[in-house]
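Overview (structure and organization)
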Number of protein chains: 2
Amino acid sequence: MSAKIKDVARAAGVSVTSVSRVINGGEHISEKLENKVRRAIEELNYSPSLIAKSLKRNKTNLLGVIIPDITSNFQATILSSIEDTAGKKGYNLLISNIVEDTDKVVKYLNIYHEMRVDGIILMHGKMNEEIRKFLERTSVPVVTQSDMGIPLTAVLINDYQGAYDAASYLINNGHRRIAMIAGDLRDISAGKHRLEGFLAACQHYGIEVGSSMIKYGDYKINTGYRLMNELLDEGSPVQAVFAASDEMAVGAINCLHDRGLSVPGDVSIIGFDGSQIADSIRPTLTTIRQPIEQIGKATVELLLELIESANDTIDARKFKKIFLQHQLHEGSSCRKLEN
Amino acid sequence: MSAKIKDVARAAGVSVTSVSRVINGGEHISEKLENKVRRAIEELNYSPSLIAKSLKRNKTNLLGVIIPDITSNFQATILSSIEDTAGKKGYNLLISNIVEDTDKVVKYLNIYHEMRVDGIILMHGKMNEEIRKFLERTSVPVVTQSDMGIPLTAVLINDYQGAYDAASYLINNGHRRIAMIAGDLRDISAGKHRLEGFLAACQHYGIEVGSSMIKYGDYKINTGYRLMNELLDEGSPVQAVFAASDEMAVGAINCLHDRGLSVPGDVSIIGFDGSQIADSIRPTLTTIRQPIEQIGKATVELLLELIESANDTIDARKFKKIFLQHQLHEGSSCRKLEN
DNA sequence: CTGAAAGCGCTTACAG
DNA sequence: CTGAAAGCGCTTACAG
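Residues numbered from 1 in each chain as written. Chains lettered and ligands numbered in written order. Predicted model: local features only at pLDDT ≥ 70, side-chain atom pairs only at ≥ 80, totals over all residues. Heavy atoms only, no water.

**A few points about the overall build of chain A**
- Within chain A, the regular secondary structure consists of 14 helices and 12 strands.
- For chain A, whose C-alpha radius of gyration is 26 Å, the value lies well above the compact-globule estimate of 20 Å for 339 residues.
- Dimensions of chain A, computed from the C-alpha atoms along their principal axes, are close to 85 × 40 × 30 Å.
- Residues classed as buried in chain A amount to 57% of the 339 residues present. (Helix = DSSP H or I, 4+ residues; strand = E, 2+ residues; numbered from the N terminus. Rg over C-alpha atoms; globule rule 2.2 N^0.38 Å. Buried < 20%, exposed > 50% of the residue type's maximum accessible area, 1.4 Å probe, protein only.)

**Considering the UniProt feature "domain: HTH lacI-type" (unreviewed entry) in chain A**
- The feature "domain: HTH lacI-type" (unreviewed entry), as given by UniProt, occupies residues 3-57 of chain A in the numbering adopted here.
- In residues 3-57 of chain A, the share of helix is 71% and the share of strand is 0%. The end C-alpha atoms are 21 Å apart. (UniProt positions renumbered as here; feature names shortened; annotations may be inferred.)

**A closer look at the packing of aromatic side chains**
Residues and elements named next belong to chain A.
- Applying the stated criterion across every chain yields a total of 6 aromatic pairs over all chains.
- An aromatic cluster is built from Phe198, Phe242 and Phe272, whose rings are joined through pairwise contacts.
- Stacked on the ring of Phe272, the Lys or Arg Arg194 has its end atom at 3.8 Å from the ring centre. (Phe/Tyr/Trp six-rings, centres within 6.5 Å; stacked < 30°, edge-to-face > 60°. Lys NZ or Arg CZ within 6 Å of the ring centre and 35° of its normal.)

**Some remarks on the side chain of B:Thr144**
All names here are of chain B.
- With respect to the helices, strands and loops of the structure, Thr144 is situated in strand 4 (residues 142-144).
- A relative accessible area of 0% places Thr144 in the buried class.
- Those residues in contact with Thr144 that sit more than four places away from it in its chain are Leu122, Leu152, Thr153, Ala154 and Val155. (Contact = heavy atoms within 4.5 Å.)

**Concerning the relation of the copies chain A and chain B**
- Relative to chain B, chain A is turned by 180° and slid 0.0 Å along the rotation axis, the superposed coordinates differing by an RMSD of 0.0 Å. On this basis, the relationship between the two copies can be described by a two-fold rotation axis. Looking at the rotation axis and the C-alpha trace of chain A, the residue lying nearest is A:Leu94, at 2.4 Å.
- Interface overlap between copies: 100% of the residues of chain A at the interface are likewise at the interface in chain B, consistent with a symmetric, same-surface contact. (Least-squares fit on C-alpha atoms with pLDDT ≥ 70 in both.)

**Here we look at the interface of chain A and chain B**
- On the chain B side, the residues contacting the 50 residues of chain A number 50 residues.
- Of the roughly 4,400 Å² buried between chain A and chain B, counting both surfaces, carbon and sulfur atoms make up 55%.
- Scanning the region where chain A abuts chain B turns up 2 salt bridges.
- Connecting chain A to chain B are 20 residue pairs in polar contact (both at pLDDT 80 or more).
- Where the side of chain A that touches chain B is concerned, the elements lending two or more residues are helix 4 (50-57), helix 5 (73-88), strand 2 (92-97), helix 6 (102-114), helix 10 (221-233), helix 11 (246-258) and helix 12 (277-280) of chain A.
- With 8 residues, the top contributor of residues to the side of chain A that touches chain B is helix 5 of chain A.
- Across the side of chain A that touches chain B, the residue classes break down as 20 nonpolar, 20 polar and 10 charged.
- Bridge count for strand 2 of chain A against strand 2 (residues 92-97) of chain B is 3 bridges, and the pairing is antiparallel. (Buried area = accessible area lost by both parts, 1.4 Å probe. Salt bridge = Lys/Arg side-chain N within 4 Å of Asp/Glu carboxyl O. Polar contact = N/O pair within 3.5 Å; in protein donor to acceptor, adjacent residues only side chain to side chain. Nonpolar A, V, L, I, M, F, W, Y, C, P; charged D, E, K, R; others polar. Pairing = 2+ DSSP bridges.)

**A word on the protein's contact with DNA strand D**
- Taken together, 25 residues sit near DNA strand D, with A:Ser20, B:Arg21, B:His28, B:Ser30 and B:Lys56 positioned nearest.
- Counting only atoms of DNA strand D within 4 Å of the protein, the sugar-phosphate share comes to 62%.
- Taking A:Ile5, its main chain carries an N or O atom lying 2.8 Å from a phosphate oxygen of DNA strand D.
- A distance of 3.3 Å separates a base nitrogen of DNA strand D from a polar side-chain atom of A:Arg21.
- Elements represented by at least two residues in the surface near DNA strand D include exactly helix 2 (16-24) and helix 4 of chain A together with helix 2 (16-24) and helix 4 (50-57) of chain B.
- It is helix 4 of chain A that provides the largest number of residues to the surface near DNA strand D, a total of 5 residues.
- Its residues assigned to classes, the surface near DNA strand D comprises 9 nonpolar, 9 polar and 7 charged. (Near = heavy atom within 4 Å.)

**Side note on the protein's contact with DNA strand C**
- Within the structure, DNA strand C sits among 25 residues, and A:Arg21, A:His28, A:Ser30, A:Lys56 and B:Ser20 are positioned closest to it.
- Restricting the count to atoms of DNA strand C within 4 Å of the protein gives a sugar and phosphate share of 62%.
- Between DNA strand C and B:Asn24, the relevant distance is 2.8 Å, taken from a phosphate oxygen to a side-chain nitrogen or oxygen of the residue.
- In this structure, a base nitrogen belonging to DNA strand C sits 3.5 Å away from a main-chain N or O atom of B:Ala52.
- Broken down by secondary-structure element, the contributors of at least two residues to the surface near DNA strand C are helix 2 and helix 4 of chain A together with helix 2 and helix 4 of chain B.
- Of the residues forming the surface near DNA strand C, the biggest block, 5 residues, is contributed by helix 4 of chain B.
- Taken together, the residues of the surface near DNA strand C break down into 9 nonpolar, 9 polar and 7 charged.

**Here we look at the sheet that holds strand 12 (residues 327-329) of chain B**
Residues and elements named next belong to chain B.
- Read across the open sheet, the 6 strands follow the order 7-6-8-9-10-12; overall the sheet is mixed. In this open sheet, the two strands that pair with only one neighbour each are strand 7 (214-216) and strand 12. Across the sheet, the mean angle from the axis of one strand to that of its neighbour is 15°, orientation sign disregarded.
- Judged from the 4 bridges that link them, strand 6 (residues 178-182) and strand 8 (residues 240-243) form a sheet pairing that is parallel. Looking across to strand 8, one finds that Ile178 is bridged to Ala240.
- Seen against the sheet, helix 9 (residues 188-204) touches strand 6, strand 7, strand 8 and strand 9 (268-273) and runs at an angle of roughly 170° to strand 6. (Axes fitted to C-alpha atoms, helices over the stretch in contact; angles between N-to-C directions.)

**As for the packing of helix 5 of chain A against helix 6 (residues 102-114) of chain B**
- Where helix 5 of chain A meets helix 6 of chain B, the axes come as close as 14 Å, and the angle between the chain directions of the two elements is 65°. Between helix 5 of chain A and helix 6 of chain B, the angle falls in the class roughly perpendicular. In this structure, helix 5 of chain A crosses over helix 6 of chain B, and the sense of that crossing is left-handed. Each of A:Glu83, A:Asp84 and A:Gly87 in helix 5 of chain A lies in contact with helix 6 of chain B, whose residues at this interface are B:Lys104, B:Lys107 and B:Tyr108.
- Residues belonging to the contact of helix 5 of chain A with helix 6 of chain B are distributed by class as follows: 1 nonpolar, 1 polar and 4 charged. (Parallel < 35°, antiparallel > 145°, perpendicular 65-115°, else oblique. Left-handed = near helix turned anticlockwise from the far one by under 90°.)

**With respect to the nonpolar core**
- Formed by 158 residues in total, the largest nonpolar core has its most connected members in A:Ile269 and B:Ile269.
- With sequence-adjacent residues up to four places away left out, A:Ile269 is seen in contact with A:Val241, A:Ala249, A:Ala252, A:Ile253, A:Leu256, A:Val263, A:Leu285, A:Thr286, A:Ser333 and A:Cys334.
- Counting 47 residues, the second largest nonpolar core, distinct from the first, contains B:Ile98, B:Ile111, B:Val117 and B:Met148. (Core = buried A, V, L, I, M, F, W, Y, C linked by side-chain atoms within 4.5 Å.)

**So, empty space enclosed by the protein**
All names here are of chain A.
- This model, assessed by the stated rule, comprises 5 cavities of 30 Å³ or more.
- Quantified by volume, the largest cavity comes out at close to 560 Å³.
- Lining the largest cavity are 32 residues, and of these Phe74, Gln75, Met123, Ala190 and Arg194 sit closest to its centre.
- Looking at the lining of the largest cavity, the elements with two or more residues in it are helix 5, strand 5 (154-157) and helix 9 (188-204).
- At 4 residues, helix 9 tops the list of elements feeding residues into the lining of the largest cavity. (1 Å grid on protein atoms, 1.4 Å probe; cavity = no way out; pocket = protein on both sides within 12 Å on 5 of 7 lines; lining within 4 Å. Points joined across faces, edges and corners; volume = space filled by probe spheres on them.)

**Focus on the environment of B:Glu43**
- With respect to the element layout, B:Glu43 can be found in helix 3 (residues 31-44).
- For the pair B:Glu43 and B:Asp7, spaced 36 residues apart in sequence, the C-alpha separation works out to 11 Å.

**Some points on the state of the cysteines**
All names here are of chain A.
- Inspection of the entire model under this criterion finds 0 disulfides over all chains.
- The thiol of Cys202 is not disulfide-bonded; the next cysteine sulfur, from Cys334, is found 14 Å away.
- Overall, the relative accessible area of 1% leaves Cys202 in the buried class. (Disulfide = S-S within 2.5 Å.)

Here is the structure:
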């Protein structure tokens, strides 16, 4: 068994109170006492139990993070930024990889509550009844990264505008027959808003988009591949494709490549996210770049604000939304057509 | 404040002992008492504190995972498998993304100890004095995923043989001027052993490898790009390149592409890992595929064994190594040359 | 500046 | 089958 604070106190010939004080600092302590304690700690190789401390202080310095799919480079990069920011502020991360399983979200939310985490980051974007109930009744601060359809603190980008910009870019470059490989409409931010922005731009410029030009997917590479195949198989004369994620865009590019079509020679592709993969393929991907690092950082900072203002009224805490700016990044996956 | 066990006991008109018993199951309890308790729990929306429970039971059901770089798809996929396996066994994950900073490893190992995690998974491969000291004196079970140069439980593949196989494949396909984009020699498994396996195969087949044909990197895409550039700039007539990671292989492919060279027309590339990116680029990457899912699963299973056998002697616990089988996966990044 | 004691929210022998 | 009480390893008023 490792040493407890009592063992240190005994070895140093002081009270446990004093040992606690030298460990936690703050209060004034005589140098002599401090030295005795430090020596005893060293000798016994003592390291305090954060569990006991958490119980007493009613604060764990733990943040729970629910991430839909950690193997997505976009999400992993946000998580990395979250970890970095949280670590610097003295918080540790409890993570749960949900693999798109909405039911598991509630399970882990409950576990996080039982672990008495100080706050929760919800990267997951789909809502269901149970999640809503948890979020409405819980007293633990939560920050999300998407519009969940209920009042909740969130760090967001303007997905509608991003999609609008992507479509406008294609149109301004002369494309008329434009398809979209969209997300899941149950995701309000990444699904619904991106589709709406796309459609709005098309309408604005007088471009017709038949329903056969819209496919719905789950943001993954393989899905992009499959949906691109469907578009081609159905014989729609597609000039350009807007994908709601970079990964689906990459899948689409691979599909076109495997069918002997050139990107951007035959079809232009624009993605969404600006994750690492956009620069790791050839042609490089033109995409709507999210401020990935900043999203992670802002999420943690906002969450810590909530945690520290836990005594404020609920109302003052529930409605803050931070919008970050996206940016169109030009790769070489889009062609400029002559008009 | 949320309800405590005492509140439930009072509301149900029973002792806290009984409340604890119905929550944890096991002991025989009268149906009547159980019903009263369940009702009270429901009414008060009570959820027990895992912190208090952990303190009392001296078990947190927490596993600490130190991961070098979560944005690496290879590592993220292993982590995903770890999370899945651990979750099914009732363990939660505390993770620290180390971004290749060896000093942070010790910091987080200490935090994990203070959090009284039940076990630690060390994905990081580099050793230093402080890490060694921690590992030698700690009583918390640790499983690594690389040869750290000291006796430690580990889940491994045979990196030497994998590299040997990769080189043999290139040679058997007629390549003679073969370069290697190697890892960091301080990583015994991914750095040293892969280089040694490569050199051994070359020697076996009588292929000469000048020192200018070996470059050392950090497994990342950009590094592969840069090192491929160096190889070409130095004018070595390279026919084929073996990269110690898929990501470096992708970087090399991109570099060749950007310089107008064809893969595999002009240069053949073989990678190592078998991560998702190998299938997500064109040409698809020929690579030494690691059993990624199994590595994560086996790591957790081994760790839980250690945790459950914590009463056994130290000696019986320290030396177990599990070797998993790699496999050469053919993509289309290698050319078969006529001899 | 220092210490004795209560208490954080649980579990678990022990006794009945 | 049920409960009173001790104790897990800390922190923190309170008193001196």
